[in-house]
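# Coordinate analysis (summary)
The lines below spell out each chain.
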Amino acid sequence: MVCALKKGAFRRYLLLNLYMACLLCVELGRYISVSEYGLKSTQFQYFYFYSDAILTIFLYFALCTLYSHVFSEMKAERYVKLGALLLLAGTALFTYAVVQQSSAKLVTHFVVELSQNLYFVGVVLTYVLWGAILKLRETRTRLIQLVLSLGLYFSFLAANYAVRNLYPSLHTVFIPLVQICGIFLPLAWAYAFWRLPEEARLVPARLAVIPR
Amino acid sequence: MMAAIILVCSVVFLLQFFVSYSRSLIAASIKHPLSAEVQDVTGIKDSASGEDFDRVVQLLHLCPDRPEDRNGIQAIGAYFGLLGFLRASVARLVPSLLAWTETERGQCTYFAAVTLERRIAFSRDMFAQQLES
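Notes on the structure follow. (Residues numbered from 1 in each chain as written. Chains lettered and ligands numbered in written order. Predicted model: local features only at pLDDT ≥ 70, side-chain atom pairs only at ≥ 80, totals over all residues. Heavy atoms only, no water.)

Along the chain, Arg140(A) falls in the loop between helix 5 (106-136) and helix 6 (141-166). By relative accessible area, Arg140(A) is classed as buried at 13%. (Helix = DSSP H or I, 4+ residues; strand = E, 2+ residues; numbered from the N terminus. Buried < 20%, exposed > 50% of the residue type's maximum accessible area, 1.4 Å probe, protein only.)

With 91 residues, the main nonpolar core has Tyr19(A), Leu59(A), Leu66(A) and Trp189(A) as its most contacted residues. When residues in this core are grouped by element, the largest group, twelve residues, is from helix 6 of chain A. Discounting residues that sit within four places of it in the chain, Leu59(A) has contacts with Tyr19(A), Leu150(A), Tyr153(A), Phe154(A), Leu185(A) and Trp189(A). In terms of nonpolar packing, the next biggest core, distinct from the first, is built from six residues, Ala159(A), Ala162(A), Phe174(A) and Ile6(B) among them. (Core = buried A, V, L, I, M, F, W, Y, C linked by side-chain atoms within 4.5 Å. Contact = heavy atoms within 4.5 Å.)

Before going further, it helps to spend a moment on the packing of helix 5 of chain A against helix 6 of chain A. All names here are of chain A. Closest axis-to-axis distance for the helix 5/helix 6 pair is 8 Å, and the angle between their directions is 145 degrees. The hand of the helix 5/helix 6 crossing is left-handed. Where helix 5 approaches helix 6, its residues Ser115, Gln116, Leu118, Tyr119, Phe120, Gly122, Val123, Thr126, Leu129, Trp130 and Ile133 are matched on the opposing element by Ile144, Val147, Leu148, Leu150, Gly151, Phe154, Ser155, Leu157, Ala158, Tyr161 and Asn165. (Axes fitted to C-alpha atoms, helices over the stretch in contact; angles between N-to-C directions. Left-handed = near helix turned anticlockwise from the far one by under 90°.)

All right, on to the interface of chain A and chain B then. Taken together, the contact pairs 33 residues of chain A with 28 residues of chain B. Between chain A and chain B lies a buried interface of about 2,900 Å² when both sides are counted; carbon and sulfur atoms form 72% of it. Sorting the residues of chain A by area buried against chain B places Tyr127(A), Tyr191(A) and Arg195(A) first, and these three jointly supply 21% of that buried surface. Put simply, chain A and chain B have zero salt bridges between them. Run the count over chain A and chain B and you get two residue pairs in polar contact (both at pLDDT 80 or more). Every element with two or more residues in the side of chain A that touches chain B is listed here: helix 5, helix 6 and helix 8 (184-195) of chain A. In terms of residues, the side of chain A that touches chain B owes the most to one element, helix 6 of chain A, which gives 14 residues. The residue makeup of the side of chain A that touches chain B, split by class, is 23 nonpolar, seven polar and three charged. (Buried area = accessible area lost by both parts, 1.4 Å probe. Salt bridge = Lys/Arg side-chain N within 4 Å of Asp/Glu carboxyl O. Polar contact = N/O pair within 3.5 Å; in protein donor to acceptor, adjacent residues only side chain to side chain. Nonpolar A, V, L, I, M, F, W, Y, C, P; charged D, E, K, R; others polar.)

Here's what the structure looks like:
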């Protein structure tokens, strides 16, 4: 956020920066909660999962603004917003349908499940966006790095949740891993804002795993 | 079953994003010309070799750390490791892949050298500021 402010990119990537501000507040809240009630307390667990869901929804909308940047020349902002809202509503409905069948603590399980499902939706959407960047020959280096780092972050978290669902006994390993991975996104975005000028360009086709 | 599918898809996407992200970091620094001083220190003249990567990273650790560089060098270090793994396994069977991993490893070294140059410049600035004050 500070890097974006210093480089004059705060308003251009407003939602990304607001997400970072929100993340900072949540992390502070988590720290206070864990020092007040302890790591295994119900209060901390509730705070952790509810705040995680809010952050995920925030990040989902931040991703949608990246879509708007990529499709800015097509004037497709309205369609992106509409599509994002519909997809979010669809994910929420799907989650509710799954949770309703098998859960007593409906709201809490809904929040946890929604967050997990949104991570996966985020991965798929970021991948589609990356495909669009390659197809449209988008060359803005900063935008490309923001998208790729977000894709890395989403896919790591989606994989992490999947492993935790498959092997619940491994949660002691994977929960701290999330915290370590959580540092990646702020650092990657700080690098993109600080190091790369808005006018920097590269050829995205050369970055693809299979060169185009 | 659902979790397994999500895991497989996520890991595949993770790898693709990781490779592309690492290459975007490298691409952003590859046009940066190295100063004569860094060329002397690292021994990199025209093109860098993957064999020099560890040495350049060791030199990098001698300079004061910069938070905004840390992420990049760690990502490239991991990418270099992945390339090393590919080189030692699949690339033995596919010669074109061997040449590709070699080029990529060389570019990783170049990225580390560019980061070294930035750190040296940063250290110089800090030193100059200390002298002024």
